[in-house]
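Examining the three-dimensional arrangement
Read off the chains here:
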Amino acid sequence: MIIMYAACAVALFLAMNIGASGAAASISIAYGSGALPNRRKALLVCGIAIFAGAALGGSEVVKTIGSDIIPQSILDAKIVLIILSSAALSLFIANLMGIPLSTSEITVGSVVGVGIAYKALFINNILVIVSFWFIIPVVAFILALGAGKGIKKLEKRYPKLTSSSMRKPLSIFVIIVGFMEAFSAGMNNVANTAGPLVGAGIVTVSTGVIVGGLFIAVGAIFMGGRVLQTNGKNITSFSLLEGGAISGTGATLVILASIFGLPVPLTQVTSSAIIGIGAAQRGSAIFKERVITKILKVWIVSPVLSLVLSYGLVKLFVHADIYTLFVLFGVCTATLGTLSLAKTIKEDSRNYFENSGGI
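Residues numbered from 1 in each chain as written. Predicted model: local features only at pLDDT ≥ 70, side-chain atom pairs only at ≥ 80, totals over all residues. Heavy atoms only, no water.

A tally of regular secondary structure across the chain gives 15 helices and zero strands. Taken across its 359 residues, the chain has 50% of its residues classed as buried. The contacts in the chain between residues at least 6 apart in sequence include a share of 86% that link residues at least 24 apart. As displayed, the chain offers around 16200 Å² of accessible surface, 70% of which is attributable to carbon and sulfur atoms. (Helix = DSSP H or I, 4+ residues; strand = E, 2+ residues; numbered from the N terminus. Buried < 20%, exposed > 50% of the residue type's maximum accessible area, 1.4 Å probe, protein only. Contact = heavy atoms within 4.5 Å. Areas by Shrake-Rupley, 256 points an atom, 1.4 Å probe, with all protein chains shown as cover.)

Turning to the pattern of salt bridges, a few remarks are in order. With the rule as written, the count across this model stands at one salt bridge. Its salt-bridge partner being Glu60, residue Lys63 comes within 3.7 Å of it at the nearest N-O pair. Placement of the pair is Lys63 and Glu60 together in helix α4 (residues 59-67), with a separation of three residues, close to one helical turn. For Glu60, a relative accessible area of 36% gives the class partly exposed. (Salt bridge = Lys/Arg side-chain N within 4 Å of Asp/Glu carboxyl O.)

Core analysis: the biggest nonpolar cluster contains 72 residues, and Ile50, Ile69, Ile79 and Val114 have the highest contact counts within it. When residues of this core are assigned to their parent elements, the largest contribution, eight residues, is made by helix α5 (residues 77-97). Counting residues in hydrophobic clusters, the runner-up holds seven residues, among them Ile29, Phe238, Ile246 and Ala273. (Core = buried A, V, L, I, M, F, W, Y, C linked by side-chain atoms within 4.5 Å.)

Turning our eyes to something else, we now look at the environment of Ser206. Within the fold, Ser206 resides in helix α10 (residues 205-223). In this structure Ser206 comes out as partly exposed when scored by relative accessible area, which is 46%.

Turning our eyes to something else, we now look at a positive patch on the surface. Together, Lys149, Lys152, Lys153 and Lys156 give the surface a local cluster of positive charge. By secondary structure assignment, the location of Lys149 is in helix α7 (residues 123-157). Here Lys149 falls in the partly exposed class, since its relative accessible area comes to 46%. (Patch = residues over 30% accessible without salt bridge, like charges linked within 9 Å, V, L, I, M, F, W, Y side chains within 5 Å. Lys, Arg positive; Asp, Glu negative; His and termini not counted. Charge placed at Lys NZ, Arg CZ, Asp CG, Glu CD.)

The next subject is the packing of helix α8 (residues 167-189) against helix α12 (residues 240-259). At a minimum axis separation of 8 Å, α8 and α12 run at an interaxial angle of 25 degrees. Classified by the angle between their axes, α8 and α12 sit roughly parallel to one another. α8 and α12 meet at a crossing whose hand is left-handed. Across the interface between the two elements, Arg167, Leu170, Ser171, Phe173, Val174, Val177, Gly178, Met180, Glu181, Ser184, Met187 and Asn188 from α8 touch Leu240, Leu241, Gly244, Ser247, Gly248, Gly250, Ala251, Val254, Ile255, Ser258 and Ile259 from α12. Grouping the constituent residues of the contact of α8 with α12 by class yields twelve nonpolar, nine polar and two charged. (Axes fitted to C-alpha atoms, helices over the stretch in contact; angles between N-to-C directions. Parallel < 35°, antiparallel > 145°, perpendicular 65-115°, else oblique. Left-handed = near helix turned anticlockwise from the far one by under 90°. Nonpolar A, V, L, I, M, F, W, Y, C, P; charged D, E, K, R; others polar.)

Here the focus is α4. All of the buried residues in α4 are Val61, Val62, Thr64, Ile65 and Gly66. On the buried face of α4, the contacting elements are α6 (103-118), α7, α8, α9 (191-199), α10 and α12.

With that out of the way, let us pick up the packing of helix α3 (residues 39-57) against α10. Relative placement of two packed helices is described by the angle separating their axes and the distance separating the axes. Running from N to C, α3 and α10 cross one another at 170 degrees; their axes reach a closest spacing of 8 Å. One finds that α3 runs roughly antiparallel with respect to α10. In contact with Arg40, Leu43, Leu44, Cys46, Gly47, Ile50, Phe51, Ala54 and Ala55 of α3, α10 contributes Val209, Ile210, Gly213, Leu214, Ile216, Ala217, Ala220, Ile221 and Phe222.

To continue, consider the side chain of Ser272. Its place among the elements puts Ser272 in helix α13 (residues 266-282). Apart from residues no more than four positions distant in its own chain, Ser272 is found in contact with Pro137, Ala140, Phe141 and Trp299.

On to a nonpolar patch on the surface, then. Judged by side-chain polarity, Tyr118, Leu316, Phe317, Val318, Ile322, Tyr323 and Phe326 come together as a nonpolar surface patch covering roughly 730 Å² of accessible area. Among the secondary structure elements, those contributing two or more residues to the nonpolar patch are α14 (290-317) and α15 (322-355). Here the nonpolar patch gets three residues from one element, more than from any other, and that element is α15.

What follows concerns the side chain of Glu105. Of note, Glu105 is situated in helix α6. Since its relative accessible area comes to 6%, Glu105 is described here as buried. When near neighbours in sequence (up to four residues on either side) are disregarded, Glu105 contacts Trp133, Pro265, Gln268, Trp299, Pro303 and Ser306.

Here we come to the environment of Tyr118. As for its position among the elements, Tyr118 is in helix α6. When its relative accessible area of 31% is taken as the criterion, Tyr118 is described as partly exposed. Separated by 193 residues in the primary sequence, Tyr118 and Tyr311 have C-alpha atoms spaced 9.1 Å apart. If we ignore the near neighbours within four places in the chain, the residues touching Tyr118 are Ile74, Ile79, Val314, Val318 and His319.

Helical geometry note: an α-helix holds 3.6 residues per turn, so side chains three or four residues apart project in the same direction. Given a rise of 1.5 Å per residue, 19 residues ought to cover 27 Å, and the 26 Å separating the end C-alpha atoms of α3 matches this to within 8%. Structurally, the start of α3 carries an N-cap: the backbone nitrogen of Arg40 is 3.0 Å from a side-chain oxygen of Asn38. (Expected span 1.5 Å × (residues − 1). Polar contact = N/O pair within 3.5 Å; in protein donor to acceptor, adjacent residues only side chain to side chain.)

Here is the structure:
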């Protein structure tokens with residue numbers, strides 16, 4: 001009973017961090033484009049939309065997370081606690097860094113880690129899910145890049161579109177589209193906190209989507225400021241039309257995925273669309289921004305981190321296999337040491353080149 005309550009508590013903590021990370025990023029376009037210039041109001045609109053999306057359309061993705069990745073027979077209160085703890089810790093670290101992160105990748109990684117420990121995975125379902133993690137952000141980037149180039153031509157041909165007289169209707173349009181994107185965040189992201197609980201039979205689907213959606217909304221409103229700033233202001237600037245194109249792309253793709261029960265990386269979709277608009281504005285120079293590199297690194301590392309954490313916790317607390325933990329620790333230490341050595345060599349080479357006067 002204590003473990004079950006602990007799992008529920010961690011689920012709520014994870015929900016708030018989901019709101020602070022991926023969900024908060026969903027309203028970043030309306031904020032970054034100036035349609036909702038007040039950060040607090042932007043986060044409030046985001047929270048309302050998230051709760052509505054979770055309550056009205058979150059059930060299909062909840063079922064996928066709860067039963068389509070590993071057998072439900074594996075899921076009990078202890079395993080759910082391990083899954084949610086691994087996901088929450090990974091996401092909390094990312095939130096401290098102010099980096100928009102895919103909560104779907106984090107949670108699926110945690111569930112897969114448990115499945116590997118038990119040698120029980122629905123491989124075909126996982127391959128479908130992971131393939132869409134690559135496909136949808138690429139589609140978002142391509143659509144946004146095309147839209148960005150089209151908008152540039154349109155604004156040159158019709159200068160009135162950028163005049164002050166058009167700002168109010170365009171702002172309303174962007175807010176509406178941003179609301180829909182946050183709505184899609186609620187539909188897709190609530191599964192990351194409610195799915196394991198539902199799969200283990202601890203809560204019902206209806207309770208999971210309502211309570212989970214509420215706490216994701218609270219996290220977005222009170223903890224989402226840093227990620228909102230990163231996605232909305234620190235990657236690139238964009239006009240109202242460009243902002244509408246980004247939010248429209250994200251909302252459409254994520255809502256479609258949610259209808260089919262696919263947990264997809266909402267934040268990657270939004271960030272990829274923003275980068276697509278930036279590429280339309282500045283070409284390949286957008287990829288030289290330090291924040292882009294930082295986001296890409298965290299996207300790659302975090303799912304692996306949550307997988308390793310959940311696998312290690314299962315081995316320690318369920319299988320009492322301490323030796324496996326020593327192996328994991330050794331691999332992590334060797335990997336970090338290799339990366340540190342490579343970084344040192346790179347810095348030394350650059351210093352030598354600069355001190356020798358170059359070519």
